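Each chain, written out:
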Amino acid sequence: MLDWSEFRNPKIWRSGVHELFLMALYVLVSCGVTVWAVKVGGPVVSLDVGLGVFVTLTLFIMGSASVSGAHFNPLITWTAVWTRLCSVPRAIIYLFMHCVGAILGGALLRVACGEAVTKATKLGSWGFKPDVVTVGQAFCLEFLFSWSYVWITWGTGIDPKQQKVFGPIVGPICVALALGLNIYVSGGITDGFGGVGANPAKFLGVAVASGNYQEHWIPWIAPLCASIVQGAMYWIAPPHHEAEKPKKIV
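Residues numbered from 1 in each chain as written. Predicted model: local features only at pLDDT ≥ 70, side-chain atom pairs only at ≥ 80, totals over all residues. Heavy atoms only, no water.

1. Thoughts on the UniProt feature "transmembrane region" (unreviewed entry) in the chain
Where we set the bar: UniProt positions are given in the numbering used here, feature names are shortened, and annotations may be inferred rather than shown by experiment. Think of it this way: any DSSP run of H or I at least four residues long counts as a helix, any run of E at least two long counts as a strand, and we number them from the N terminus.
UniProt marks residues 20-38, 50-70, 91-112, 132-153, 165-185 and 217-237 with the feature "transmembrane region" (unreviewed entry), using the numbering shown here. A helix fraction of 100% and a strand fraction of 0% characterise residues 91-112, whose end C-alpha atoms lie 31 Å from each other.

2. Here we look at the state of the cysteines
Note on terminology: a disulfide is the covalent bond linking the sulfur atoms of two cysteines. Quick note on the threshold: Disulfides are defined as pairs of cysteine sulfur atoms found within 2.5 Å of each other.
Per the stated rule, a full pass over the model turns up 0 disulfides. Unpaired in this structure, Cys-99 has its nearest cysteine sulfur neighbour in Cys-31, at a distance of 14 Å. No disulfide involves Cys-140; its sulfur sits 11 Å from the nearest other cysteine sulfur, which is in Cys-225.

3. Quick look at the packing of helix H3 (residues 74-82) against helix H4 (residues 88-121)
Test applied: Axis definition: a line fitted to C-alpha atoms, over the contacting stretch in the case of helices. Angles run 0 to 180 degrees between N-to-C directions. Note on angle classes: values under 35 degrees are labelled roughly parallel, values over 145 roughly antiparallel, values of 65 to 115 roughly perpendicular, and the remainder oblique. Only heavy atoms matter for contacts: two residues are in contact if any of them lie within 4.5 Å across the pair. Residue type decides the class: Asp, Glu, Lys and Arg count as charged, Ala, Val, Leu, Ile, Met, Phe, Trp, Tyr, Cys and Pro as nonpolar, and the leftover types, Gly among them, as polar.
For the pair H3 and H4, interaxial distance at closest approach is 10 Å and the crossing angle is 170°. It follows that H3 is roughly antiparallel to H4 by the angle criterion. Where H3 approaches H4, its residues Pro-74, Thr-77, Trp-78 and Val-81 are matched on the opposing element by Val-88, Ala-91, Tyr-94, Leu-95 and His-98. Considered class by class, the residues forming the contact of H3 with H4 number 7 nonpolar, 2 polar and no charged.

4. Topic: the nonpolar core
Quick reminder of the rule: Here, the term nonpolar core denotes a set of buried Ala, Val, Leu, Ile, Met, Phe, Trp, Tyr and Cys residues that are joined through side-chain atoms within 4.5 Å. For the exposure calls, accessible area comes from a 1.4 Å probe over protein chains only, and a residue counts as buried if that area is under 20% of its type's maximum, exposed if over 50%, partly exposed in between.
Ranked by size, the top nonpolar core spans 52 residues in total, and within it Tyr-26, Leu-57, Phe-72, Tyr-149, Trp-154 and Leu-179 carry the most contacts. Put simply, the parts of the chain that give this core at least two residues each are helix H1 (10-40), helix H2 (45-68), H3, H4, helix H5 (135-158), helix H6 (160-189), helix H7 (200-210) and helix H8 (218-236). If near-sequence neighbours (up to four positions away) are discounted, Leu-179 is found in contact with Tyr-26, Val-53, Leu-57, Tyr-149, Gly-197 and Ala-198. Ile-12, Leu-20, Tyr-94 and Met-97 belong to the second-largest nonpolar core, a separate cluster that totals 5 residues.

Structure, rendered in structure tokens:
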């Protein structure tokens, strides 16, 4: 967990570089879906966003899991550390790459959309209407639905027992479906809330690109708290057999 020599391991850095470009492309495509959904409008924008993110996340996980573990999300990396499935040095490298990749992806999205669309849609950045939703409500929504997402992710895609049940195809579908569902529900039950982010780096990227930093601490601190709670649950009631040692995810 604390083998600092991993900072000198070129394989981990190569995986980190892969995470960087993976995050950049994911921000470009998934936030592009949000931009499109906002432009088109409709009664339930969060449904369009949830469906788009479901498809995008599924394909990116399937295409990258064997290379770097397909984290491309600080929420996943944090939880992997708390559950001792990822070393601290690898996590530090990944988190740095996630932020750099997200900023790159946000810049690419801004260039693709142009100034007018950027101003109109804020590139799908995280936010809420303060005249409808309080800061406390926004934090609670982000925390609860981030926790719901990471709970399902650990139960279907990460837990050693469940990996054998779901495999490399159904597992990523379940993980992506969990995020899409939580975006849809969180964005629909409360007017004025755009939907759970559950990916701090992703929304850092579009915040930098669009200049929208509305309560930007929430999409970081709420998922961090969710990861800590999930890690605590993992230790209190571990889902794997006691005789079975958890496998590391890269």
